Amino acid sequence: MIAAPRAILFDWDNTLVDSWGTIHHALTATFTAMGHEPWSLVETKQRVRHSLRTAFPGLFGARWQEAQRVYLDSFTAIHLERLAALEGAVALIEALRARALYLAVVSNKTGAILRREAEHLGWTGHFSRFVGAGDATADKPAAAAIALALQGSGIAPGETVWYVGDTALDMECAANAGCVGVLLGTPDAGDAGLERFPPALRFAACAGLARALEGL
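Definitions and cut-offs
- Residues numbered from 1 in each chain as written.
- Predicted model: local features only at pLDDT ≥ 70, side-chain atom pairs only at ≥ 80, totals over all residues.
- Heavy atoms only, no water.
- Helix = DSSP H or I, 4+ residues; strand = E, 2+ residues; numbered from the N terminus.
- Rg over C-alpha atoms; globule rule 2.2 N^0.38 Å.
- Buried < 20%, exposed > 50% of the residue type's maximum accessible area, 1.4 Å probe, protein only.
- Pairing = 2+ DSSP bridges.
- Axes fitted to C-alpha atoms, helices over the stretch in contact; angles between N-to-C directions.
- Phe/Tyr/Trp six-rings, centres within 6.5 Å; stacked < 30°, edge-to-face > 60°.
- Salt bridge = Lys/Arg side-chain N within 4 Å of Asp/Glu carboxyl O.

Here we take up the overall build of the protein chain. For the protein chain, the count of helices and strands is 10 helices and 8 strands. Relative to the globule expectation of 17 Å for 216 residues, the C-alpha radius of gyration of the protein chain, 17 Å, shows essentially globular dimensions. Counting only C-alpha atoms, the protein chain reaches 50 × 35 × 30 Å along its principal axes. Evaluated residue by residue, the protein chain yields a buried proportion of 47% over its 216 residues.

Turning to the sheet that holds strand E6 (residues 161–165), a few remarks are in order. Spatially, the 6 strands line up as an open sheet ordered E5-E4-E1-E6-E7-E8, and their pairing is parallel. Looking at which strands have only one partner, the edges of the open sheet turn out to be strand E5 (129–133) and strand E8 (201–203). Sheet twist, expressed as the average angle between the axes of neighbouring strands with direction ignored, equals 20°.

Within this structure, the stated rule accounts for 9 aromatic pairs. Relative to Phe-127, the ring of Phe-10 lies with its centre 6.3 Å away and its plane at 85°, an arrangement referred to as edge-to-face. Placement of Phe-10 in strand E1 (residues 7–10) and of Phe-127 in the loop between helix H7 (111–121) and E5 is noted, with a sequence separation of 117 residues between them. Taking relative accessible area as the criterion, Phe-10 reaches 0% and is therefore assigned buried. The exposure class of Phe-127 is buried, given its relative accessible area of 6%. An angle of 80° between the planes, with centres 5.6 Å apart, marks the rings of Trp-12 and Trp-123 as edge-to-face. Of this pair, Trp-12 sits in the loop between E1 and strand E2 (17–18) while Trp-123 sits in the loop between H7 and E5; the two residues are 111 residues apart in sequence, bridging distant segments of the chain. Given the relative accessible area of 4%, Trp-123 is considered buried. Pairwise contacts between aromatic rings join Phe-31, Trp-39, Phe-56, Phe-60, Tyr-71 and Phe-75 into one cluster.

Next up on the list: the pattern of salt bridges. Once their charged atoms are close, side chains differing in charge can pair, the charge on each being opposite to the other. Evaluation of the coordinates by the stated rule reveals 8 salt bridges. Note that Asp-139 is salt-bridged to Arg-53, the shortest N-O span being 2.5 Å. Pair noted here: Asp-139 is in the loop between E5 and helix H8 (144–150) and Arg-53 is in helix H3 (residues 52–60), with a separation of 86 residues, a long-range link. Under the relative-accessibility criterion, Asp-139 is labelled buried at 8%. Linking Lys-140 and Asp-170 is a salt bridge whose minimum nitrogen-to-oxygen distance equals 2.6 Å.

Here is the structure:
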């Protein structure tokens, strides 16, 4: 029996907002600038999981900070105009706020960009904290990001904290923090990490999660 949550933390990209197109655009510009063969959109969806400071050293070696600048410049040039909430996300957030649950976001998107996107959508007041890459001592899947998101709430990581995301890395983050992992959406077929970090709950869309919470 899974306990009713006191806090629900969300991943951001492709959990609450649609951003694959923008991520792929920025990666293509980065790979091209760095003399690498760009990934296809399918490869981007399969491979993008970690924050820039975690992933880029392995991709670009000593030039990773140069690559990071190219990526961020390309991303921020278009991200707000392309940003859109996923279907059912607004209704889900409103339903959770009506239940007076503690809500926060834990993302591997750069913290300043994450908060800029939340402000653009008018969602800043919906969540108590927005924790992005670089905000905690370590990024997802480290438990530090979830600990920071709960800081000051009076709620400790555990069975009454749900972490909702769309990838195995999100489920790994939940497991590392001792929280309940909730998979939202249809995972990529190549996301083999779900075998190691299976979610406690799965929902195809935001509406399914909202209905399940009504029954608790």
